[in-house]
Amino acid sequence: AISDEANGFSTVDKYNTGTGAWDSTSLTIGGQHFMRLLPLALGKVMLIRHNVSTDFIESNVYDAALGTWAGWVTIDAAAPKSLTYKETISATLDKATNNIYLAYGANVAVASAVIRTALYNGTGWTLKGNVAAADTIKHVSIALDETTKDVYVAYLQGTLTTAMNA
């Protein structure tokens, strides 16, 4: 996934191992969205984005066999972003179940910042609760222990003296 802040668009391309070339997936989105890509079963890929236009957390599934996107699904319709603190969305995949665990920040640039979580079970999303509330969240990362199935979330909090560059 590529997000071009200077020109204000986001796009997703795929590497074709048969031809050795990069091909378009026909998904180009206006705006500077913060995105994550994750593999799914049966030749599908999920794109998760923090939509900077609506403050929604959304997902879309690409079917490589059909060459089509399923359409945007809203995970959270109230997750205000920050254009200063950009890396506030992270996801990880459980390879055994194909569940996706998502952690993301809302209101990250203010004292009421919160880290929320959600779970994709192969058919839909369920909000799973807040990890933490803090004064300004600058980065969020999530990982899954494949053996114990414990989920870990790491984050930076507090204010910066200068803006971060993505």
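Residues numbered from 1 in each chain as written. Predicted model: local features only at pLDDT ≥ 70, side-chain atom pairs only at ≥ 80, totals over all residues. Heavy atoms only, no water.

## Looking at the nonpolar core
Counting residues in hydrophobic clusters, the biggest one holds 21 residues, and the most contacted among them are M46, I48, I57, I100, L102 and W125. Listed by contribution, the elements that provide at least two residues to this core are β4 (34-40), β5 (44-51), β6 (56-63), β9 (89-93), β10 (100-106) and β11 (113-120). With 4 residues, the top contributor of residues to this core is β10. Not counting chain neighbours up to four residues away, the residues in contact with I57 comprise I48, R49, H50, V73, T74, I75, D76, A79, I89, L102 and Y104. Counting 10 residues, the second largest nonpolar core, distinct from the first, contains A113, I115, A134 and I142. (Core = buried A, V, L, I, M, F, W, Y, C linked by side-chain atoms within 4.5 Å. Buried < 20%, exposed > 50% of the residue type's maximum accessible area, 1.4 Å probe, protein only. Helix = DSSP H or I, 4+ residues; strand = E, 2+ residues; numbered from the N terminus. Contact = heavy atoms within 4.5 Å.)

## A look at the sheet that holds β11
Ordered in space as β9-β10-β11-β12, the 4 strands form an open sheet in which the pairing is antiparallel. With partners counted over all chains shown, the strands left at the sheet margins are β9 and β12 (125-134), one partner each. Taking each pair of neighbouring strands and ignoring which way they run, the sheet shows an average axis angle of 15°. Here β11 pairs with β12 via 8 bridges, running antiparallel. Looking at β12, one finds that A118 is bridged to L127. (Pairing = 2+ DSSP bridges. Axes fitted to C-alpha atoms, helices over the stretch in contact; angles between N-to-C directions.)

## Observations regarding the pattern of salt bridges
All told, the structure shown has 4 salt bridges when counted by the stated rule. A salt bridge links E58 to R49; its shortest N-O distance comes to 2.6 Å. Since its relative accessible area comes to 7%, E58 is described here as buried. You can call R49 buried: its relative accessible area is 5%. Salt bridges here are not isolated pairs; linked through shared partners, they connect D94, E146 and K149. (Salt bridge = Lys/Arg side-chain N within 4 Å of Asp/Glu carboxyl O.)

## Looking at the environment of L37
Considering the arrangement of structural elements, one finds L37 in strand β4. Its relative accessible area of 36% is what places L37 among the partly exposed residues. Expressed as a C-alpha distance, the spacing of L37 and S59, which sit 22 residues apart in the sequence, is 9.6 Å.

## Re the confidence of the model for the protein
In this model, the protein carries a mean pLDDT of 84, and residues with pLDDT of at least 70 account for 82%. Here strand β1 (residues 2-4) is the element of the protein with the lowest mean pLDDT, 45, and strand β8 (residues 73-76) is the one with the highest, 96. Considering only residues more than four positions removed or in separate chains, one finds that residues 1-6, a stretch of pLDDT under 50, has 19 contacts. (pLDDT = per-residue confidence, 0-100.)

## Section: the packing of aromatic side chains
Each aromatic ring pair is characterised by the separation of its centres together with the angle its planes make. On inspection of all chains with the given rule, the structure shows 3 aromatic pairs. Seen in terms of ring centroids, Y120 and W125 are 5.3 Å apart; in terms of plane orientation they differ by 50°. Their pairing is tilted. No difference in accessibility class separates Y120 from W125, as the two residues are buried. (Phe/Tyr/Trp six-rings, centres within 6.5 Å; stacked < 30°, edge-to-face > 60°.)

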